[in-house]
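Now for the letters of each chain:
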Amino acid sequence: MKLVKIKEGFIVRKIADTNIVVPIGDNIADFNGFISLNETALFLWKKIAGGTDLSQLANDMTQEYEISMETAQKDIKRFLERLKRADMLDEYA
Amino acid sequence: MDSIDMDRSPLNGTFELTARCNLQCKMCLIRIDEKRMQELGGRERTTKEWIHMAQEAEEAGTIGLLLTGGEPMLRSDFIGLYQEIVKMGFIITLYTNATLINKEIREILSKYPPHKIGVTVYGASQETYKRVTGNANAYLQMIEGLDFLRKLPSQLQVRTTIIKDNINDLDQIANLASGLYAEFSISRIVTKPVRGGIAKVEDCRLTPEQSVAMFHDRNRKEIVDPFYKFADENPDLMLTDIGTLESHACVAQEFEGMTVQKAHKRTLYGCEAGMTSYCITWDGKLIGCQMLGDCWTDPFTNTFKKAWNDFPNIMKHPEKPRECESCRTGCSACPATRLAETGRLDGFSEYLCRESKLSHVMEESLLSEIQQRIKREDR
């Protein structure tokens, strides 16, 4: 079972109609501009923020958006890769 | 004024936590003392009040938040205040003179560094600090403070305000910034203090001629000479192809671009004050920017959102001074600087006018020199 969690020190702010991720603490060292979250990304972010396992995440997404498991898994994979590139993700086996 | 059709959003806030300072700089725009506080009748807001205000600003959509003063670290509750505000998700800028960074402040800034820190440096020696701030020891305290701050992951900016007493230290202050890989910023103009500030600037500030000569020398050192050096070292390059250098040379064009942009957007003061930015003063007033005090709303009594929404309805749109109506020179004066100099948003200031005109001539002359060089080289 693979668990994923957003690292400490990232706060989502709603500015006008956009959700952006603001780094605080040591994370500001890597701050190269805002990451904005669309609706789906925000949904995933909120699920991952407190820690979740990937299979549960995929289930949640299929229910929320009425999409296939395959599509959900693809979207999740792409989003997690983005978070990893930005060093925002902790992963636990 | 109808605020409904104005595109306003409180994106950038300034919290002026105090107007007190541990230094007594001759040219300070803001500083007041206890006596002046009593005369003005205001009170500094409490820790709880500021934290609550920060929460309201966060809910209203403020993203950039400047914590400043006076000297914000002079507040005995600075640590408690800072550690609550920093966790709310603002992009935090902290302005300080870096002389009061004790052990506890180091700990909190290490744990939660601001995204940007602006340190004002007043000179390059204890003697200059004594002349400018009244406190010779503050120089060494600043050096120690800067040495700590430079190790944080924050973007560092060294800021200075040049008057007659520290102009001879300018190059050394610039070198200090460059040694720290910090941005370096010189206050464009020294105006009289605002909102009851007690400094007396007329005797110590540079004349317009001296100020423009100083910026001319800086522009030559920072922009023009490096450009010529680059051109000399790369004789085969077509200089008109070099976008970066052209952007250095395009000061006048950038200014024109800004003027055109402003003409297309309705604003309150001709800038972002009260449109996408605001300041909340040490005594609890919401104003357009830290220099303005013509009118205010009361965010602590009426909530931040109401104070922000009501602001256009209580302010009087400033007119241009009559003397300026036919002038076509690009002018750096604004309602805020006019208010500081004359007591009126539409007041005419000989000082500001002379500085603007001389500055315009200086910039045009440097631009023309660069363009001539480009033409000669590329022939």
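Residues numbered from 1 in each chain as written. Chains lettered and ligands numbered in written order. Predicted model: local features only at pLDDT ≥ 70, side-chain atom pairs only at ≥ 80, totals over all residues.

**Quick notes on the pairing of strand E7 (residues 277-280) of chain B**
All names here are of chain B.
Argument step 1. Residue alternation in E7 divides its side chains into two sets, Ser277 and Cys279 and Tyr278 and Ile280, and both sets are buried.
Argument step 2. Where strand E1 (residues 12-16) lies against E7, 4 bridges are found, and the strand directions are parallel. Counterpart to phenylalanine 15 in the pairing with E7 is isoleucine 280.
Argument step 3. Taken together, the 2 bridges between E7 and strand E8 (residues 286-287) define a ladder with antiparallel strand orientation. Paired with cysteine 279 across the bridge in E8 is isoleucine 287.
Argument step 4. Joining the antiparallel neighbours E7 and E8 is a turn of 5 residues, in which glycine 284 adopts a positive phi near 95°. (Buried ≥ 20, exposed ≤ 12 C-beta atoms within 10 Å, placed from the backbone. Helix = DSSP H or I, 4+ residues; strand = E, 2+ residues; numbered from the N terminus. Pairing = 2+ DSSP bridges.)

**Side note on the domain arrangement of chain B**
All names here are of chain B.
Argument step 1. When the domains of chain B are assigned, the result is domain 1 (12-203 + 270-316) and domain 2 (207-268 + 317-379).
Argument step 2. A separation of 27 Å is found between the C-alpha centroids of domain 1 and domain 2.
Argument step 3. Between domain 1 and domain 2, the residue contacts involve 22 residues of the former and 16 residues of the latter.
Argument step 4. Of the residues that constitute the side of domain 1 that touches domain 2, the class distribution is 14 nonpolar, 4 polar and 4 charged. (Domains from an automatic or database assignment. Contact = placed C-beta atoms within 7 Å. Nonpolar A, V, L, I, M, F, W, Y, C, P; charged D, E, K, R; others polar.)

**Some thoughts on the interface of chain B and chain A**
Argument step 1. Each partner contributes to the interface: chain B provides 13 residues, whereas chain A provides 11 residues.
Argument step 2. Residue classes in the side of chain B that touches chain A are distributed as 6 nonpolar, 5 polar and 2 charged.

**A short note on helix H7 (residues 170-179) of chain B**
Since there are 3.6 residues in each turn of an α-helix, residues three or four apart along the chain are aligned in direction.
Residues and elements named next belong to chain B.
Argument step 1. Taken as a whole, H7 has its buried residues at Ile173, Leu176 and Ala177. Along H7, the residues classed as buried sweep out an arc of 95° about the axis, all on the same side. Along H7, the residues that are exposed and aim more than 90 degrees away from the buried face are Asn175, Ser178 and Gly179.
Argument step 2. On the buried face of H7, the contacting elements are strand E5 (155-160) and strand E6 (183-186).
Argument step 3. Looking one or two residues beyond H7, the residue adopting positive phi is tyrosine 181, at roughly 55°. (Arc of directions from axis to C-beta.)

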